[in-house]
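Descriptive structure summary
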Amino acid sequence: MNDVSRRIREKARELFATGRIDAFLGYEPGSLPLRARPCLIQAGDEDRERRVGGLVWDSFCANNLAVFLPKLFEQDPGARGKAQAPKPRLGMVVKGCDLRSVTALVREKQAPRGNLLLIGVPCAGMVDTGAVEERLAGDEVLSASEGEGGKLLVRARDGRELTLFREEVLQACCRECRFPGPEAVDLLIEGPSRKPAEGVYERIRAFEARTAEERWEAFRREIGKCIRCGACRQACPTCYCKECFAEQTDPRWIGAGTELSDAMIFHLVRIFHQAGRCVECDACLRACPMGVDLRTFRGKIVKEVEELFHYLPGFSLEEAPPLSTFKEGDGEGFITEP
Amino acid sequence: MMDQASQASGWEPKIVAFLCTWCSYAGADLAGVSRLQYGPNIRIIRVPCSGRINPLYILKALQNGADGVLVAGCHPGDCHYISGNLVARRKFALLKSLLSYVGIEEERVQFSWVSASEGGRFAALVAKVIEDVRRVGPAGKLVKPCR
C-alpha cells in the first residue's frame, strides 16, 4: 500500500472519529484489474472501519467523484416548505479534475462548499485501461499491480507477464492535464504529481485545419456510432439537469432513437451546455460503450471559451461562469453585416 | 439573382428568422411599411429578446428543414432588458464556431443586429442571407428524414 492511500485512510478514520463528517467519498479497489471504484462510506455503516481500511489511491482512480455531489445534496422536492433533512457533511478525495468539477458544482449551487471537506491529492495521471489491453493484443488482463518507479506489472490470462511504464499507458486527458495539483482544498496530501501540460489545443487545431467536408465526415462517422444510451451524460459531473432537454416531451426537442440527426443535435447541445464547465476529465469518453471520439468535439468548446472569453474552469469560486456574464468588448467577428 | 441550379430545380431557400420584438422585429416592420423589397424566403419568429434564443431552437430549425437561420437582436447597448443581447452574443459566438467546427457551412446560421429604425439594414441583411444560403444550396446535414 502506498503512502497516499495510508494518509487517506488515516484522515477518513480521524474525521469519522471526531464526528466532523457524516460520509466519506473515495476509491476502493474495483472487482476488475486496472480499476478502482468510487466508494461512499456513511458514518452509520456497520462495516465502516473495514471500508475505511479499504480506501485506496492508485493509478486507476480515473472516475470523477464530483458526479455524485448533486444527488447527495439534492433537496427533497416533497418536503418543499417544510423542514429539510440536514445536508450531509462529506469528506471527499479530490484530484485536480475532480476539484475543478466540484468547484463548478459549488458555483452552480449544486453542493454547499461548507459541507465539503476536500482532501486534495496531487495526481500523476491515471492509466488508460484500453491502452493496457491493447498492449496485450486483445488478451484479458488477469491482474495488475503498481511497482516502484512508475512501473505497472500486468499479467494476462495466457500467463504472460508484462512490465509497462505507466507513463506509456496514461489517459490522453491526463497527458493534456493543466491542473494536476489541487489547490484551495481543506487538506492537501503530499504525493507524486505531473507537470502541467502545455500546448493542449494542438489536437483541436489540427482538426480545425482540415476541410469542412473532412470535419463533417469525421463528425458524421463518430456520432454515427452513438446508440443514445446517455452514459456520457450520466458520467458527466456537470450534467445534472433533472430533466434533460433530450428527454423533454413538451416540447419534444429531439427523438430518443439513434437517428443520426437526433444524435448529432444531442451531442452538439450537450457540448454547448458544457461551455465553461467542462474540465476535460474524459468521464464521458470512459463511459461511452461505443468508443465515440467525444474528446475531439468537446475540446472545441473548452478552447473557444478560453480563447474568446479568457476563461478556463479552475479552482476559483469567485469567477462568474462565462455564459452567465458578458463583457462590453466581447468579440463581434461573427456578426453578419449586410 | 437566382443562380442556374436553383432556377432549374425550382429550389428556393427557406430561412427561419428569430427576431427580437423590440428592435429587429420593429426593423422588419419598418422595412415593410417603407415598401422596401427583399426576398420572400424568410419565416419570422418573434421572440422577446435575442437572449431568449436557446441554441436548440436554431438546431431544431435546421433539423426540421430550414436551409438557413437568421438571428437578429438589438445593437449592443440598446437591449430592452439592458444586457440580454450581450449575454446572447457569447452564446452565438460559441454556437457559430462549434457548428463550423463540425463542418456545417458558416452561411447557414447568421447573427446580426438590427434596430427599430433600420428598415433598410433589415432588407439588405435578409437579401444577403438569402444570397449566402442560395450559394451553399439546400441544407442536408442536420435534416431529419421523414418516415
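Analysis parameters
- Residues numbered from 1 in each chain as written.
- Chains lettered and ligands numbered in written order.
- Predicted model: local features only at pLDDT ≥ 70, side-chain atom pairs only at ≥ 80, totals over all residues.
- Heavy atoms only, no water.
- Phe/Tyr/Trp six-rings, centres within 6.5 Å; stacked < 30°, edge-to-face > 60°.
- Helix = DSSP H or I, 4+ residues; strand = E, 2+ residues; numbered from the N terminus.
- Buried < 20%, exposed > 50% of the residue type's maximum accessible area, 1.4 Å probe, protein only.
- Contact = heavy atoms within 4.5 Å.
- 1 Å grid on protein atoms, 1.4 Å probe; cavity = no way out; pocket = protein on both sides within 12 Å on 5 of 7 lines; lining within 4 Å.
- Points joined across faces, edges and corners; volume = space filled by probe spheres on them.
- Nonpolar A, V, L, I, M, F, W, Y, C, P; charged D, E, K, R; others polar.

Once that is clear, we can look at the packing of aromatic side chains. All names here are of chain A. Applying the stated rule across the entire model yields 14 aromatic pairs over all chains. Seen from their ring centres, F207 and F297 are 5.6 Å apart, and the 90° between their planes marks the pair as edge-to-face. Placement of F207 in helix α7 (residues 202–208) and of F297 in helix α12 (residues 294–309) is noted, with a sequence separation of 90 residues between them. In this structure F297 comes out as buried when scored by relative accessible area, which is 3%.

It is worth spelling out the side chain of E222 of chain A at this point. Residue and element names in this part refer to chain A. With respect to the helices, strands and loops of the structure, E222 is situated in helix α8 (residues 212–224). Relative accessible area serves as the criterion here: at 9%, E222 is assigned to the buried category. Beyond its immediate stretch of four places on either side in the chain, E222 contacts G291, V292, D293 and F297.

Let us look at empty space enclosed by the protein. Residues and elements named next belong to chain A. According to the stated counting rule, one finds 8 cavities of 30 Å³ or more in the structure shown. Estimated volume of the largest cavity: approximately 300 Å³. Along its surface, the largest cavity is lined by 25 residues, and C97, C173, C177, V279 and E280 are the ones closest to its centre. Among the secondary structure elements, those contributing two or more residues to the lining of the largest cavity are α4 (96–107) and α6 (172–175). Top element by residues in the lining of the largest cavity is α4. It accounts for 3 residues. The residue inventory of the lining of the largest cavity, partitioned by class, reads 14 nonpolar, 3 polar and 8 charged.

All names here are of chain A. Roughly 1000 Å³ of volume is contained in the largest pocket. Along its surface, the largest pocket is lined by 43 residues, and T238, C239, Y240, C241 and R277 are the ones closest to its centre. Here the lining of the largest pocket is composed, by residue class, of 23 nonpolar, 9 polar and 11 charged.

The values reported here are purely geometric and, on their own, carry no functional implication.
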